[in-house]
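# Overview (structure and organization)
In case you want the letters, here they are:
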Amino acid sequence: MLRNVSVNCTNGISCNKAEIHSFLLALKKEMGFSIEYLPINLVDSETIHKVNVEYLDHDYSTDIITFNYSGNNSNLDGEIFISVNDAYENSQKFGVSLHEEILRLIIHGILHLLGHDDKTDIERKKQKKIEDSLVTRYSNLANNINTRYD
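Residues numbered from 1 in each chain as written. Predicted model: local features only at pLDDT ≥ 70, side-chain atom pairs only at ≥ 80, totals over all residues. Heavy atoms only, no water.

## Observations concerning the pairing of strand S3 (residues 34-43)
Across the ten residues of S3, seven count as buried, placing the element largely inside the fold. Looking at chain direction, strand S1 (residues 5-9) and S3 are connected through five bridges and run parallel. Bridge pairing in S3 places Asn 8 opposite Asn 41. As defined by bridge partners, S3 adjoins strand S5 (residues 75-83) across seven bridges and the pair is classed as parallel. Bridged to Ile 35 within S5 is Leu 76. (Buried < 20%, exposed > 50% of the residue type's maximum accessible area, 1.4 Å probe, protein only. Helix = DSSP H or I, 4+ residues; strand = E, 2+ residues; numbered from the N terminus. Pairing = 2+ DSSP bridges.)

Here is the structure:
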């Protein structure tokens, strides 16, 4: 287990926290970053909607919100919120398992904390290419994450 990482599953959501820690440890070693503080919150769409309204002034649900508290792109100090409901909708839309979509979203959040952005088409394509490569490399771990919600 990574000491400075917490995995929180709320509101009827369950996941294999140990496997998420194992995945993050492998990703940390491969990409060469350290972690100061990193909660990963698997929440429902109502909760992420509230976070979106309160902190970003966006009145809608979304699949992921990442907060970088320090701006340091090599020693991560931030927080990731993932809507499992929105992730499920994405998994249906893109024909992948919910577990793989959760893996993709964790990677997406980590890439944001490492300084990658997706605000412009060029940035989005660059980040997506790295994301796709990492998802492919770690897809064997996706089923072990075993996320589900009631």
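Alright, that's what it looks like, and here's the rest.
## Remarks on the nonpolar core
Counting residues in hydrophobic clusters, the biggest one holds 35 residues, and the most contacted among them are Ile 20, Leu 24, Ile 82, Ile 102, Ile 106 and Ile 110. Every element with two or more residues in this core is listed here: S1, helix H1 (17-31), S3, S5, helix H3 (84-94), helix H4 (98-113), helix H5 (121-138) and helix H6 (142-145). If you tally residues by element for this core, the top one is H4, at nine residues. Contacts of Ile 20, omitting those with residues within four sequence positions, involve Val 7, Cys 15, Ile 40, Leu 42, Ile 106 and Ile 145. (Core = buried A, V, L, I, M, F, W, Y, C linked by side-chain atoms within 4.5 Å. Contact = heavy atoms within 4.5 Å.)

## A few points about the state of the cysteines
Tallied over the entire structure, the rule returns one disulfide. Put simply, Cys 9 and Cys 15 are joined by a disulfide, and their sulfur atoms are 2.4 Å apart. Every disulfide takes its handedness from the sign of the S-S torsion; for Cys 9 and Cys 15 that torsion is 45 degrees, giving right-handed. Taking the relative accessible area as the measure of exposure, Cys 9 reaches 21% and is therefore partly exposed. Taking relative accessible area as the criterion, Cys 15 reaches 17% and is therefore assigned buried. (Disulfide = S-S within 2.5 Å.)

## Points about the environment of Glu 101
Assignment of secondary structure puts Glu 101 in helix H4. Sequence separation of Glu 101 and Thr 62 is 39 residues, and the distance between their C-alpha atoms is 13 Å.

## Structural notes on H5
The end-to-end C-alpha distance of H5, which contains 18 residues, comes to 25 Å, matching closely the 26 Å that a straight helix rising 1.5 Å per residue would cover. All of the buried residues in H5 are Gln 127, Glu 131, Leu 134, Val 135 and Tyr 138. Down the axis of H5, the buried set is contained in an arc of 100 degrees. They therefore lie on one face. The outward face of H5, more than 90 degrees from its buried face, is lined by the exposed residues Asp 121, Ile 122, Lys 125, Lys 126, Lys 129 and Thr 136. (Expected span 1.5 Å × (residues − 1). Arc of directions from axis to C-beta.)

## Side note on the sheet that holds S3
Read from one edge of the open sheet, four strands run S1-S3-S5-S4, paired in mixed fashion. Whereas interior strands pair on both sides, the edge strands pair on one side only; in this sheet they are S1 and strand S4 (64-68). Adjacent strand axes in the sheet meet at a mean angle of 10 degrees when their direction is disregarded. Packed onto the sheet, helix H2 (residues 45-56) meets S3, S4 and S5 and runs at close to 45 degrees relative to S4. Strands in contact with H4 are S3, S4 and S5; relative to S5, the strand with the most contacts, it is inclined by about 145 degrees. (Axes fitted to C-alpha atoms, helices over the stretch in contact; angles between N-to-C directions.)

## Quick look at the packing of H3 against H4
Between H3 and H4, whose axes approach to 9 Å, the crossing angle comes to 115 degrees. For the pair H3 and H4, the sense of crossing is right-handed. Note on element contacts: H4 touches H3 through Leu 98, Glu 101, Ile 102 and Leu 105, opposite Val 84, Ala 87, Tyr 88, Asn 90 and Ser 91. Tallied by class, residues from the contact of H3 with H4 come to six nonpolar, two polar and one charged. (Left-handed = near helix turned anticlockwise from the far one by under 90°. Nonpolar A, V, L, I, M, F, W, Y, C, P; charged D, E, K, R; others polar.)

Remember, this is a structural readout, not a statement about activity or role.
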